[in-house]
Amino acid sequence: MILSRGTLNQTPGKAPGVKAFAILSGIDSASRAILISVFPVVMYRIYSDAQLVSEAYFIIGLLSFLVTLIVPWISRKIPRRWLYSIGVTTYILSALICAWSNSWMFAFGLGLFTIANVVVFVCSNAYVMDYINRVKLAECEALRLFYSGAAWTIGPFLGIWLMTTWKPLPFIVSALASCTLLVAFWFFRLGDGKAIRKSITAPPNPFAYLNRFLHQPRLVAGWIFAVMKSSGWWVYILYLPIYAVENGHSEQLGGALLSLSNAFLFLTPLILKAMRGRVRLALIFGFFCSGCLFLLASINLGSTSVSIALLVLASMFLILLDICAGLPFLMAVRPSQRTEMAAVYSTYRDFSSVVTPGAASLL
């Protein structure tokens, strides 16, 4: 039997619980939420062409997808606590690059920010699967979303408003939030995760664990659910602000609508209570309703305001899917494959970030 590196580096004391991960998620969300509506608007300012913006996001998404696949290999060389710290530090660096860039360097900074998000997300999910048992996974996901609610509600509109005041300002605020995240992470002393006993050595090929993933149907199904949900968010977050600007609305409208949609995160405790024991029904209901509303929004009803309203309504059901779409995957992961499968799971965002702008640029 072989003990993982976490055996030696795990910090003694009380293990972090659901609330600790919710706090970290809330701070992480603050660093990202304030820029989520700023990025597409600034990219559109630079390129003045929605297709070029789509192509830039496509390239960045492809790069982050490849990075996701090699994170488990990197984690064998670098302890997880340091890998997480490097990811957060890259948040700070990329935000500062974007703050004072108005050309291709801005796209480079956005790429770094996306890669940092991948690293932090993979490590976070691995920590959750280490410390939170299956019974409390749904509670953990709901509480993480609830603690993130304020950031995602205020952040998108605040970011746009700060940008109109002084362009670097939202990026500076994001960098400060990332500094806070780094301090909080070390305060909770997560170490390198719990000790996991493995009967075999880790595969040397960073892509070897993909075969294990493909031979577990429940993991594949859970990943597909997450991809579809994320694709809906990509359409909403990336193209709603551009759609609004191209149809004569202000740049602030996209941020305001995204803030409004994210305010639904405060309903997560009620949603969690309603869906308890009904995860499968919640998945079906969420996908069906959001899909129908997106379809209706795509039909020319004679008013851009009607389409925008339908998209905002669809985002309510995307919030429902944020709570339940990842549960089938997280509950099916074997303990000995946590880091590898956390990396596989995180590819849903990168895969959707490649497919969505790629399809949009072709359209």
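Since we're looking at a predicted model, the values are computed, not measured.

**Some thoughts on helix α12 (residues 268-275)**
So, step 1. By the burial criterion, the buried members of α12 are T268, I271, L272 and M275. The buried residues of α12 occupy an angular sector of 100 degrees when the element is viewed end-on, so they sit on one face. Projecting away from the buried face of α12 at angles above 90 degrees are the exposed residues L270 and K273.
So, step 2. Buried residues belonging to α12 abut α7 (137-165), α13 (279-298), α14 (304-324) and α15 (327-332).
So, step 3. G277 occupies a position one or two residues after α12 and carries a positive phi of about 80 degrees.

**Regarding unusual backbone geometry**
Both trends apply: most residues other than glycine have a negative phi, and most peptide bonds are in trans.
So, step 1. For S48, which is not glycine, the phi torsion reads 55 degrees and is therefore positive.
So, step 2. Take S48: it is sitting in the loop between α3 (38-47) and α4 (50-77).
So, step 3. Located in the positive-phi region is R189, a residue other than glycine, with phi close to 50 degrees.
So, step 4. In this structure, R189 sits in the loop between α8 (169-188) and β2 (197-198).

**A short note on the confidence of the model for the protein**
So, step 1. Of the residues in the protein, 90% reach a pLDDT of 70 or more, and the chain-wide mean stands at 83.
So, step 2. For residues 1-12, every residue scores under 50 in pLDDT, and the model assigns this stretch 30 contacts once sequence neighbours within four places are set aside.
So, step 3. Counting contacts from residues 195-204, a segment whose pLDDT is below 50, to residues more than four positions away or on other chains yields 26 contacts.

Calculation rules
- The numbering scheme is per chain: residues are counted from 1 as the chain's sequence reads.
- Given that this is a predicted model, residues contribute local features only at a pLDDT of at least 70 and side-chain atom pairs are listed and counted only at 80 or more, while totals for whole chains, interfaces and linings are drawn from all residues.
- Side-chain numbers here rest on the full set of heavy atoms in the structure, without hydrogens or water.
- Exposure categories follow from relative accessible area, calculated using a 1.4 Å probe and restricted to protein chains: below 20% of the type maximum is buried, above 50% is exposed, and the middle band is partly exposed.
- Segments assigned H or I by DSSP are reported as helices when at least four residues long, segments assigned E as strands when at least two residues long, and all are numbered from the N terminus.
- The arc in question is traced by the directions running from the helix axis to the C-beta atoms.
- Throughout, a contact is declared for two residues whenever any of their heavy atoms are within 4.5 Å.
- Known as pLDDT, the predictor's confidence for each residue is given on a scale from 0 to 100.

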